[in-house]
Amino acid sequence: MTGLSNRRARIGRLLAFLLTLAAAMAIASAAANGADDHDRRAVARIAAPPLGLPPVPVPADNPVTAEKVALGRKLFMDRRLSRNSTMSCAMCHIPEQGFTNNELKTPVGVEGRSLRRNAPTILNVAYARAMFHDARDDFLETQVFGPLLARVEMANPSVGAVLATIRGLDDYAGLFERAFGGPANAHTLGQALATYQRTVLAANTPFDRWYYGGDQDAISPRAAAGFELFTGKAGCSACHLVGEESALFTDHGLHDTGVGYARETASDESVMVEIAPGVSVPVARAVIRSVGLPPEKDLGRLEVTDDPDDLYKYRTPSLRNVALTAPYMHDGSLQTLTDVVRFYDRGGVPHDGLDPLIEPLGLRDDEVAALVAFLESLTGEAIDDLIADARSVGVGG
Amino acid sequence: MRHPMSRGLLAAFVFAGAVAVTAAGPIGPARADETCQSPYLPKITGQEEFLYVWTLGMEGVGDQSDKLVTIDVRPGSATYGKVIAKVSVGGRHEAHHAGFTDDRRFFWAGGLDDSMIFIFDVHSDPSRPKLVKTIDTFVKDSGGVVGPHTFYALPGRMMITGLSNANDHGGKSALVEYTNDGLFVATHWVPDGKDMRGATGNGADGYNYDVRVLPRKNVMLSSSFTGWSNYMMDFGKMLADEAAMKRFGQTVTLWNLHTRQPRKVFTVPGAPLEIRWAWGPNHNYAFTTAALTSKLWLIYEDDAGQWQAKAVADIGDPAKIPLPVDISISSDDRHLWIDTFMDGTARLFDISDPHNPKEVYQKKIGAQLNMVSQSWDGKRLYFTSSLLANWDKQGNDNEQFLKAYTWDGKQLTHKFTVDFRKENLGRSHIMRFGARSLYSG
């Protein structure tokens, strides 16, 4: 453990320095521009991320400032940024629901239009090297135009229309000027939203305090046994990586686990529908089809590359805060962490393209429970602060 | 025991009678009105003359906008059974329910999607309602309530149920009170899991749907549906979404009408929707139907003066999810019409023993069926088809209509149909009755 504690001391000193620096910077700029406590703490989080997270990558042309955080947060929470003022970013990335939506497998946008994929969490999105389940965009700064313009999400007719909306709102007067030295344009809109999202960091979890912090009692023996399985017999860490000094629990790669294959090839005649707590009845597919549009296909990464080898490949998500972000997988098809672990235990869904790292695990029930306990130890501290931070602004209209 | 009829209702009866006498002019006996309105509303004194149908704009149909459609239902009129006016409000707002102010001069109509409220003048010319006011601040006024649903007349006030909220589009919501002039008065949050707000019961979910009052008992009931995400969602997608299906209301809340304080939360699983109080002076009970579990529920005051809820009948075969939607009670409390959406069928229940209702008649009205309104004498019934824009059936089964029938105590006889797609109108939803006689006395 000496290696670990040396490292800790080193990181600690670095953190302390950065913190002071950041705090000084934040206070200086805040004093000038009326940024509040939430903004200052957000800037400090970037400078010194909580235990278990690596340094935050920040693009050189978009340094984090309290003014940008404040503006980005306001934009993120603002329902007026959609065509009919019903949808904000936060309506699908809901702060109280792990910055995703726990109440839907896949969300709905303007006028209730269907999305085919589960909303990923915004927590720790600063570290995502590629955005979306199929990794089709690579910067937070550019990602925002996806939802703003998608007909099924916020349904704005054009980038110009979004900018015109913002210009027309009195409560935005001067905010872009203060944050960027100029009026709102496509560039600064992306930068503001990206900046806020970058600050939504959550770690210093019981796992982090145990593994990186040396606190033996931070997690239960069962969760510790789960970690052994995660990095051993169950083979999870082959894709959900755990580093020496920090962990993002992802290889940033794309894999076929069989979830997409299972969905696209399902042929069951009926679906179990829960009509009251604990009461389910089978409903024929034909009935379901009579009251809905046909679900859209989802071929995964192949849709981006046209490479047949990419069929049903999806990005490995981070597992941080995973206890807060149900339902799981790119289509929200698994409802609980136990469902997910049992899915892996069965060897995913065997078919031609299945990733060779996924195979039946032969886990005992107590091992399943241990893995779940471990996954539950990955919930960051101070989530409530991030929620309060998000809710420090109104939802617009 | 105290005499069950309190002063309040007596006054209401006397008032209604007075209107009947003064306005009984050329149209005949004072005996007609829909039966599911607030007791504070004046009655139409004779045959209803106009039907106001709050209609959802439909993509690809006409101007694609929500509109108030007026249909002439005067027997013998040259335009009987025809559309005689329509007022488009511009844009789609998920038009749903609507109601009159207590003076019956204005008609408030809501949009469940963007929470717009449109107020029509129906008294200046009852054959041609005019849009006179728009409230676009409902969410802000109410402190974050989304989806104005029921518009229920209280003295000088409009009590509006919200279905959702602006924080997460889930089911937590509230009742919101405005003056007849459109000024915000108060928001009354429905008790939820975290805060029972002083009510008793086995837990609450905060969900909301309909509201109805029984003034002589000083009680108000509210029911519970689901939040914006679900009611706006493609119905087929939702049925196959296990997470979404867990987000339906399981409660009916009893309130103190005067103080607006919640008193008791009943567990009524499976989304209890429309509430109808019985009319009889000794009838201290109301019905509601649970949409998903297809059960008829009775909310009643027991012999000990305690309010109770119990399931009293199945509606169709619950395993097939027939989806009971609108209901209409007869003015003599002996019959209850129940529409089931999935099989497009109107079902008549004999409720003369409210603890043992029995289905006594059914008739298929169309491929899909939602709302039903009946005249006060029970002789005329009107049906419409649309449930929600994204819940209506697909393809040819997406019939959109208003159908008028007469009821002779044995069967429904078809009178006329207005095809809302052919007429380029949209999806037909709630109906309310109008008549010139209301404003002539």
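Predicted model only: the values in this text are computed from it and were never measured. (Residues numbered from 1 in each chain as written. Chains lettered and ligands numbered in written order. Predicted model: local features only at pLDDT ≥ 70, side-chain atom pairs only at ≥ 80, totals over all residues. Heavy atoms only, no water.)

Counting its regular elements, chain B contains six helices and 29 strands. Its C-alpha atoms give chain B a radius of gyration of 20 Å, near enough to 22 Å, the size a compact globule of 441 residues would have. Seen through its C-alpha atoms, chain B measures out along the principal axes to roughly 55 × 55 × 45 Å. Across the 441 residues of chain B, 66% fall into the buried class. If you sum the accessible surface of chain B, you get close to 15100 Å²; carbon and sulfur atoms cover 50% of it. (Helix = DSSP H or I, 4+ residues; strand = E, 2+ residues; numbered from the N terminus. Rg over C-alpha atoms; globule rule 2.2 N^0.38 Å. Buried < 20%, exposed > 50% of the residue type's maximum accessible area, 1.4 Å probe, protein only. Areas by Shrake-Rupley, 256 points an atom, 1.4 Å probe, with all protein chains shown as cover.)

Residue and element names in this part refer to chain B. Ordered in space as β17-β18-β19-β20, the four strands form an open sheet in which the pairing is antiparallel. For this open sheet the edge positions go to β17 (272–277) and β20 (307–314), each flanked by a neighbour on one side alone. Sheet twist, expressed as the average angle between the axes of neighbouring strands with direction ignored, equals 25°. With four bridges connecting them, β17 and strand β18 (residues 285–290) associate as antiparallel partners. (Pairing = 2+ DSSP bridges. Axes fitted to C-alpha atoms, helices over the stretch in contact; angles between N-to-C directions.)

Right, let's talk about the pattern of salt bridges for a bit. Tallied over the full model, the rule gives 52 salt bridges over all chains. Asp298 of chain A is the partner of Arg116 of chain A in a salt bridge, and the nearest nitrogen-oxygen pair spans 3.9 Å. Remark: Asp298 of chain A occurs in the loop between α12 (285–290) and α13 (302–305) and Arg116 of chain A occurs in the loop between α3 (66–77) and α4 (140–143); sequence separation between them is 182 residues. Judged by relative accessible area, Asp298 of chain A falls into the buried class, the value being 1%. Between Arg347 of chain B and Asp343 of chain B there is a salt bridge; the shortest N-O distance is 2.7 Å. Exposure remark for Asp343 of chain B: the relative accessible area of 23% places this residue in the partly exposed category. Within the structure, one salt-bridge network assembled from shared partners comprises Arg116, Arg117, Asp134, Arg136, Asp298 and Glu303 of chain A. (Salt bridge = Lys/Arg side-chain N within 4 Å of Asp/Glu carboxyl O.)

Moving on, we come to the interface of chain B and chain A. Opposite the 44 residues of chain B that make contact, chain A presents 45 residues. Of the roughly 3500 Å² buried between chain B and chain A, counting both surfaces, carbon and sulfur atoms make up 57%. Scanning the region where chain B abuts chain A turns up five salt bridges. With its nearest N and O atoms 2.9 Å apart, the salt bridge here joins Lys105 of chain A to Glu242 of chain B. Residues that form the side of chain B that touches chain A fall into these classes: 19 nonpolar, 12 polar and 13 charged. (Contact = heavy atoms within 4.5 Å. Buried area = accessible area lost by both parts, 1.4 Å probe. Nonpolar A, V, L, I, M, F, W, Y, C, P; charged D, E, K, R; others polar.)

This part covers the packing of aromatic side chains. Considering all chains together, one arrives at 40 aromatic pairs over all chains under this definition. By the ring-pair criterion, three or more aromatic residues cluster together here, those being Phe207, Trp210, Tyr211, Tyr212, Phe227, Phe230, Phe249 and Phe374 of chain A. Its guanidinium or amino end placed over the ring of Tyr172 of chain A, Lys74 of chain A lies 4.6 Å from that ring's centre, counting from NZ or CZ. One cation-aromatic arrangement involves Lys43 of chain B over Trp376 of chain B; the distance from NZ or CZ to the ring centre is 5.7 Å. (Phe/Tyr/Trp six-rings, centres within 6.5 Å; stacked < 30°, edge-to-face > 60°. Lys NZ or Arg CZ within 6 Å of the ring centre and 35° of its normal.)

So, about the nonpolar core. In terms of nonpolar packing, the biggest core is built from 94 residues, with Leu75, Ile166 and Leu189 of chain A together with Phe225, Tyr231 and Leu323 of chain B touching the most fellow members. The residues contacting Phe225 of chain B, other than those within four sequence positions of it, are Leu163, Tyr207, Asn208, Tyr209, Tyr231, Arg247, Phe248, Gly249, Ala271, Leu273, Leu388 and Trp391 of chain B. Among the nonpolar cores identified, the runner-up in size contains 38 residues, and Leu56, Val87, Ala389 and Ala404 of chain B belong to it. (Core = buried A, V, L, I, M, F, W, Y, C linked by side-chain atoms within 4.5 Å.)

It is worth spelling out the side chain of Asp113 of chain B at this point. Mapped onto the secondary structure, Asp113 of chain B falls in the loop between β5 (106–111) and β6 (117–121). Salt bridges are absent for the buried Asp113 of chain B, whose nearest opposite-charge side chain, Arg79 of chain A, sits at 6.9 Å. In this structure Asp113 of chain B touches Asn84, Thr86 and Glu111 of chain A together with His93, Glu94, Val146, Trp228 and Met232 of chain B, once residues within four positions along its chain are discounted. (Lys, Arg positive; Asp, Glu negative; His and termini not counted.)

All names here are of chain A. Two elements in contact, helix α14 (residues 337–345) and helix α15 (residues 365–376), have axes separated by 9 Å at closest approach and are oriented at 125°. Overall, the two elements α14 and α15 adopt an arrangement that is oblique. The element α14 and its partner α15 pack so that their crossing is right-handed. Residues Leu337, Thr338, Val341 and Arg342 of α14 pack against Asp365, Val368, Leu371, Val372, Leu375 and Glu376 of α15. In terms of residue class, the contact of α14 with α15 is built from six nonpolar, one polar and three charged. (Parallel < 35°, antiparallel > 145°, perpendicular 65-115°, else oblique. Left-handed = near helix turned anticlockwise from the far one by under 90°.)

Residue and element names in this part refer to chain B. Where burial is concerned, most of strand β8 (residues 145–154) is hidden: 10 out of the 10 residues are buried. Here β8 pairs with strand β9 (residues 157–165) via seven bridges, running antiparallel. Note on β9: the bridge partner recorded for Tyr152 is Met159. Between the end of β8 and the start of β9, which pair antiparallel, lie two residues, with Gly156 showing a positive phi angle near 70°.

The next subject is the side chain of Thr150 of chain B. Residues and elements named next belong to chain B. Counting through the fold element by element, Thr150 comes out in strand β8. On the accessibility criterion, Thr150 (4% relative accessible area) is buried. Separated by 2.9 Å, the side chains of Thr150 and His149 make a polar contact. (Polar contact = N/O pair within 3.5 Å; in protein donor to acceptor, adjacent residues only side chain to side chain.)

All names here are of chain A. Each domain of chain A was delimited in the assignment, giving domain 1 (16–202 + 382–390) and domain 2 (228–263 + 300–376). For domain 1 and domain 2, the distance between their C-alpha centres works out to 27 Å. Each partner contributes to the interface: domain 1 provides 30 residues, whereas domain 2 provides 23 residues. For the pair domain 1 and domain 2, the summed buried area comes to about 2000 Å², and 53% of that belongs to carbon and sulfur atoms. (Domains from an automatic or database assignment.)

Moving on, we come to helix α16 (residues 383–390) of chain A. Residues and elements named next belong to chain A. Residues of α16 that are buried include every one of Ile383, Leu386, Ile387, Asp389 and Ala390, and no others. All buried residues of α16 project into a common sector of 160° when viewed along the axis, lining one side. Taken together, the buried residues of α16 touch α2 (37–47), α3 and α8 (186–198). (Arc of directions from axis to C-beta.)

Quick look at the sheet that holds strand β21 (residues 324–329) of chain B now. Each strand in a sheet pairs with another by means of backbone hydrogen bonds, the pair being arranged parallel or else antiparallel. Residues and elements named next belong to chain B. With respect to topology, four strands assemble into an open sheet ordered β21-β22-β23-β24, the strand pairing being antiparallel. Each edge of the sheet is formed by a strand with only one pairing partner; in this case those strands are β21 and β24 (358–364). Recorded for the sheet is a direction-independent mean angle of 20° between the axes of neighbouring strands. As defined by bridge partners, β21 adjoins strand β22 (residues 335–340) across four bridges and the pair is classed as antiparallel.

With that out of the way, let us pick up the environment of Thr336 of chain A. All names here are of chain A. Mapped onto the secondary structure, Thr336 falls in the loop between β4 (314–315) and α14. Separated by 13 residues in the primary sequence, Thr336 and Ala323 place their C-alpha atoms 8.6 Å from one another. Within polar-contact distance, the side chain of Thr336 engages the backbone nitrogen of Asp339 at 3.0 Å.

Put simply, Ala326 of chain A and Pro327 of chain A share a cis peptide bond, and its omega is -10°. Inspection of the secondary structure assignment puts Pro327 of chain A in the loop between β4 and α14. In the Ramachandran plot, Asn424 of chain B falls in the positive-phi region, its phi being about 60° despite a non-glycine side chain. Following the sequence through the fold, Asn424 of chain B ends up in the loop between β28 (412–419) and β29 (427–434).

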